[in-house]
Amino acid sequence: MWISIILKECSIRKRCDEVLASPLPYSAFTSSSVLAADFGAGYAKLNRRVGNGGWSPSDSDRYQWLQVDLRARKQITAIATQGRYSSSDWTKHYRLLYSDTGSNWKPYRQDSNIWTFSGNWNSERAVRHELQHPFVARFVRFIPLDCSEEGRIGLRVELYGCAYWADVISFDGQGVISYRFRQKKMKILKDVISLKFKTTKGDGILLHGEGQQGDYITLELQQAKLLLQINLGSNQYGSIQGHTSVSSGSLLDDDHWHSVLIERYRRSVNFTLDQHTQSFRTNGEFDNLDLDNEITFGGMPVSAKPSSGGRENYIGCMEAIHYNGDNITNLVRRRKVDTSSFHNLTFSCAESRTFPAFFNSTSSLQLLGRTDEDTVSVRLQFRTWNPSGLLFFTPLMPGGVEVSLVEGKVTVHIYVTLGKNTRVDISSGSGLNDGQWHSVHFLALESIAMLTINGDEMSTVRAAIPIQIRTGGDYFFGGYFPRTDLSPSQRSFQGCMQLIHVDDQLVKLQSVEQGMLGSFENVSLDMCAIIDRCVPNHCEHGGKCSQTGDMFKCACEGTGYSGATCHNSMYEQSCEEYKHLGRSSNTYWIDPDSSGPLEPFRVTCNMMEDKVWTTVVNDLPAQSSVSSGSRPEDKTVLTLSYNGSPFTWWVGRGNEKHFYWGGSGPGVQKCACGIERNCTDPRYYYLMPFSFYAGMLMYKDHLPVSQVVVGDVHRSGSEARLTVGPLRCQGDRHFWNAASFNTPASYLHFPTFQAETSADVSFYFKTSASHGVFLEILGNPDFIRLELKSATVVSFSFDVGNGPVELTVRSSTPLNDDQWHRVEAERNIKEAVLRLDKVHREARSAPPQGHTRLQLFSQLFVGKQFGASGGQRGFLGCIRVLKVNGVTLDLEGRAKVTPGVKPGCSGHCSSYGMLCQNEGKCIEKYNGYSCDCSLTAFDGPFCNDDVGGYFESGTLVRYDLMSESSSGVPSAVGNLTREELSFSFSTSHTPAVLIYISSKTQDYLAVVLRHNGTLQIRYNLGGLREPFTISLNHRNMANGQPHNVNITRQDRLVQLQVDHYPTVSYTLPETSDTEFNLVKTIFLGKVFETGQIDPVLIERYNTPGFVGCLSRVQFNRIAPLKAALRTGVPSTASIQGVLVESNCGASPLTVPPMSAVFDPWDPDSAGAQFPFNEERVSRDGVNRHSAIFGGIIAVVIFTILCTLVFLVRHMFHHKGSYHTNEAKGAESADCADAAIIVNDPAFTETIDESKKEWFI
């Protein structure tokens, strides 16, 4: 039934496609000129062969036109052109002008440009164009732009449309139409209001209605823009204001018809001006528009509230006024509404008295004035978007006067020639390039010059002229291009001028057009064709639009977006994305919908190994006091509830009220205690008086909390405080949303999307194939396609109606490497951009003329080109996080129900594995990956968080690699021929044992700080009488700064790197073993060990123990310090003493390294010999260049030591005793450690004598 009704209506409705021009008489056609009588304009009818087969002008220049008078206003829906019959004369391109009166022409516009139609390429074939924007006019002009190369301009035309009729009412600024309702008060749920208007005034009220409760609706012009203001009422508590204001259009004082349509249902409003629709919802929480008695058109009613006054009534014409089904203009004609305020009600529209001229950058208008006079007087009106341009220039005898617009100010330069060139400057006004009409009056009389802007005589600027003015008689408006000795600073002007007066006489530009007065070049007369390219504003996300006569640009500073139209978000979509860029926990800006309407906001990202937490903090201070209102019914931010009736609610994501609280759920209207029946007072199960309540809101579809409304705040003695905690979210379900395309014929499809003025597509892909179509969407003939063209080339192609455009980017490395690559494509009305992996970029500017709107209607095909047979160009591989206009498409969900496509994609580690640092292992997960840091000395999501601790005096960490009961059986570490030890430390205390690695044998490795703060590495692998030592003698490393140490041994080759200095190699002596046998225990900070211990360590470095920071300690794949600090993980690590977790040992340097010239550690230092330069150390570790000097010094030292030993033995006579340099008490001590304890009261360690352990 519904279908049949629609078909019936369509068959009855008359199509607006009648032939309009051909039935007209010969006299209805006029032209700028004719080549001959039989080439007249009246012969320019489509498919006619009379006369000479069409119209041809006398000249084929840009000033020719053909005009059709339709005898009445008609609606034009299509046009067609043809060349002159059987000739070489045709028109290839043309423009269209139209008018109601035959003057004040308006150019046909499309896609925000004066449209150029494609014409003919031969003399016979007719070319028809359906108008995207049909118009109503009586007069239509065709303006040929170019013609055939073989001939001249030739034209036959046709117009298609239908009759148009509407009642017209003229408003004089006094009369107001008052439409009174049948009822005194109206509660209106739905409104449909439409009208057309034309005016030369930039301000005036078109319609107004209001009610006693504060509701109102107003449509008015303000500075030639249309402003709709509507208020359905504010709530009684004042917390939600109902006023809503929306602006549309610009330059509406152009004396052309503009159509308005307002459609409202409840709070949803469509506001349409000249085919441009804005959709919005009104503020407040009410649905009805409550109006009293009447609604007025053309101004404010006499009964309007005083607050509504002070605004101008409308001056101009209106037609086709309809209000909720009533034809107001028809009711006025039939005297059915009140028009008593009109002095003279007329149903016609007066013809415009202005005759504007439109200038471009190549235009010039030359007019004649009086010669050899002492007065220069010029008045004119102008409107422009350009900040600078020439208004007029006139030569003097001698000198000249230039009046220009410079940075939005009118500036006068008076050039005076008195033997040497001088200039007098005056300026006035500001911001005059706002597109509005402004008047300028310049008067130079005798020796005084005056400049007046916008008729404000009080602000007239005056200046003295040093000579008597003598006019030259020529005046150049809008352009002066001759190269003369005296030329103006500005050469051209883009905009419109009208009402030009020279020598106080109005210049009749009609005479200029007819060639009777002055001359002009590239000036369009009787029209003002400037375009406001910033309305509608194509700068997105709050970008500021600025423009000139032929372009606009967007300032994106401070918006969080970038690009030609501020379309691209500068921030990632989530904390998850920041994590996979290698970022650590911190505060970041995120933009969840990317290029969508939601603004970026600041969050705290907590990057954990398996999760990413996002925390959003609100701006409400904790424990905010809820103030009482001035009236008992007032509500504030929080309230109490009594008898189960909710006086308190909160507003969430959908701007809806919610009456449940933390620990409860939607619809319950109780606190958690009300559900659990444990409230302090069982009478109150909502929010209880005199109680504290806290809980978590868990229903995410209602979050975040945007407002809390609190009532009953006026109760005597009541008090409330409110805290709204942060919003915490985990993960990003979009970031790993992926699909795998397993066959060339497999694809996914999604609904079409809007891409008229801007569109963006981004995704990740990985493949081993060398080609394939990522996605495609079609229009007619418009389309968008993204494709892998070859192993190194990605292509972005599209067509907006001007022909296909293709952008390509080429990668320096293959893209079919089965790793993730990111593609971003954007197209807007200014440019198209293609980016690959955020490195490669290609951009293409949009053409200045042509189609700009992309019309798409097909589904979006992902993984295949539409219509490609057999999947010839299908994509093989994975596509992930596909976003279209900021919205992530659910690839996984669609893949689950699509054959040939699988949800998800494996192999993330191939692309993201490098983010796992410090030898962390990348672990594949279904949605993403994680870094396994268990075999590293680091923590964090990327194994780059230092794990360290602060050691107090006497603290040690012990990590057992071999148990005591192993009886020498090798552990998992076993006998080593290769080991690597790395760590960082900082301290100011010496001496100290940093690290000691023991074994079941006498083998060990120790790193110690000596008394002077220098570092020493001690190796004993057996075979040597003394340990092999590496001493860094030229730097104090106990300077409180962090230092990094890395020691690597492979057989006899030992490599050492300290801090940022180059790695230095050493070689163990040939007599040394190469195996580190039966590695047993790792000690940090102090040694507490049984067995044979190097006595030097005991005597010199182990007391009182290391005080400072150790960090990132790792021996091969063992991290002893991390194991000791991570108590939740089973290990053989133990702590004695106080160890506080800290990464102070790995903090950045606070003192910059010294220059290489003076640094003794630098191998290229001229001031000192680097002691460990591998070029100067032989394979046995001996420096040959210093061997002789070392031998001499050794002999001297040996002689001195022998003498000292003899003296000591002789003095103490303790024959057979153990001689050491320990303090008094060593003689009676059982061992060296006991001697230390006797002489050091601060030493509080205890010794288990049965184990004979050493405290070193």
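In this text the structure is predicted, and so the values were computed from the model without any measurement.

Undergrad: Looking at this model, I keep getting lost on the overall build of the protein. Mind explaining?
TA: Summing up its helical and strand segments, the protein has eleven helices and 85 strands in all. By the burial criterion, 50% of the 1256 residues in the protein qualify as buried. Sequence-distant contacts, at least 24 apart, represent 68% of the contacts inside the protein between residues at least 6 apart.

Undergrad: Looking at this structure, how should I read the nonpolar core?
TA: Within soluble globular proteins, side chains that are nonpolar generally end up buried alongside one another. Formed by 47 residues in total, the largest nonpolar core has its most connected members in Phe983 and Leu1015. Not counting the four nearest positions on each side in its chain, Phe983 is found in contact with Leu994, Ile995, Val1007, His1043, Asn1044, Val1045, Leu1110, Ser1111, Arg1112 and Val1113. Phe355, Leu396, Ile414 and Tyr475 belong to the second-largest nonpolar core, a separate cluster that totals 43 residues.

Undergrad: Before we go on, may I ask you to explain the pattern of salt bridges in this structure?
TA: If the charged atoms of two oppositely charged side chains come close together, the side chains can form a pair. Evaluated as defined, the whole model comprises 37 salt bridges. Its salt-bridge partner being Arg180, residue Asp338 comes within 3.1 Å of it at the nearest N-O pair. Of this pair, Asp338 sits in the loop between α2 (328-333) and β24 (357-359) while Arg180 sits in strand β12 (residues 177-188), and the two are 158 residues apart along the sequence. Several salt bridges share partner residues, and in doing so they unite Glu572, Arg822, Glu824, Arg835 and Lys838 into one network.

Undergrad: Explain the environment of Ala78 here, please?
TA: Structurally, Ala78 is set in strand β3 (residues 66-82). The sequence separation of Ala78 and Phe135 amounts to 57 residues, and the corresponding C-alpha distance is 9.7 Å. Ignoring anything within four residues of it in the chain, the contact list for Ala78 reads Arg128, His129, Glu130, Leu131, Glu158, Leu159 and Tyr160.

Undergrad: Please explain the confidence of the model for the protein as it appears in this structure.
TA: Detail in the predicted coordinates should be disregarded across regions flagged by low pLDDT. Within the protein, residue pLDDT values average 84, and 82% of them lie at 70 or more. Across the protein, element-level confidence peaks in strand β10 (residues 156-163) with a mean pLDDT of 98 and bottoms out in strand β85 (residues 1254-1255) with 30. Ignoring residues within four places in sequence, the model shows residues 636-646, a span with pLDDT below 50, making 50 contacts including any to other chains.

Undergrad: Can you walk me through the environment of Gln67 in this structure?
TA: As for its placement among the helices and strands, Gln67 is situated in strand β3. On a C-alpha basis, the gap between Gln67 and Ala44 in space is 10.0 Å, while along the polypeptide they are 23 residues apart. The residues contacting Gln67, other than those within four sequence positions of it, are Ala28, Phe29, Thr30, Trp105, Phe139, Val140 and Arg141. Side chain to side chain, Gln67 and Arg141 meet in a polar contact 2.7 Å long.

Undergrad: Help me out: how do you make sense of the UniProt feature "domain: EGF-like" (unreviewed entry) in the protein in this one?
TA: UniProt feature "domain: EGF-like" (unreviewed entry): in the numbering of this structure it lies at residues 530-567 and 906-944. Across residues 530-567, the secondary structure splits into 0% helix and 26% strand, with the terminal C-alpha atoms separated by 26 Å.

Undergrad: Any chance you could explain the sheet that holds strand β77 (residues 1043-1050) here in plain terms?
TA: Hydrogen bonding along the main chain pairs the strands of a sheet, whether they run parallel or antiparallel. Ordered by their spatial adjacency, seven strands build an open sheet running β79-β78-β77-β72-β82-β70-β84, and the pairing between neighbours is antiparallel. In this open sheet, the two edge strands, each paired with only one partner strand, are β79 (1064-1067) and β84 (1139-1141). The sheet shows a mean angle of 25 degrees between the axes of neighbouring strands, taken without regard to direction. Here strand β78 (residues 1053-1058) runs beside β79; their pairing, made up of four bridges, is antiparallel. Along β79, the bridge assignment pairs Val1054 with Tyr1066.

Undergrad: Whenever I open this one, the state of the cysteines confuses me. Can you help?
TA: A covalent bond between the sulfur atoms of two cysteines is referred to as a disulfide. As enumerated under the stated definition, the model contains twelve disulfides in all. Here Cys933 connects covalently by a disulfide to Cys943, the sulfurs 2.0 Å from one another. Taking the torsion about the S-S bond as the criterion, the Cys933 to Cys943 disulfide, at about -90 degrees, is left-handed. Of this pair, Cys933 sits in the loop between β67 (928-932) and β68 (938-939) while Cys943 sits in the loop between β68 and β69 (945-946), and the two are ten residues apart along the sequence. For the pair Cys933 and Cys943, one class covers both residues: buried. Cys729 takes part in no disulfide bond, and the closest cysteine sulfur, belonging to Cys575, lies 9.3 Å away.

Undergrad: Which parts of the structure should I look at to understand the side chain of Asp111?
TA: Summarising the element assignment, Asp111 is placed in the loop between β6 (109-110) and β7 (113-114). In this structure the side chain of Asp111 is engaged in a polar contact, spanning 2.8 Å, whose partner is the backbone nitrogen of Thr852. Not counting residues up to four positions away in its chain, the partners in contact with Asp111 are Gln132, Gly850, His851, Thr852 and Arg853.

What counts and what doesn't
Residues numbered from 1 in each chain as written. Predicted model: local features only at pLDDT ≥ 70, side-chain atom pairs only at ≥ 80, totals over all residues. Heavy atoms only, no water. Helix = DSSP H or I, 4+ residues; strand = E, 2+ residues; numbered from the N terminus. Buried < 20%, exposed > 50% of the residue type's maximum accessible area, 1.4 Å probe, protein only. Contact = heavy atoms within 4.5 Å. Core = buried A, V, L, I, M, F, W, Y, C linked by side-chain atoms within 4.5 Å. Salt bridge = Lys/Arg side-chain N within 4 Å of Asp/Glu carboxyl O. pLDDT = per-residue confidence, 0-100. Polar contact = N/O pair within 3.5 Å; in protein donor to acceptor, adjacent residues only side chain to side chain. UniProt positions renumbered as here; feature names shortened; annotations may be inferred. Pairing = 2+ DSSP bridges. Axes fitted to C-alpha atoms, helices over the stretch in contact; angles between N-to-C directions. Disulfide = S-S within 2.5 Å.

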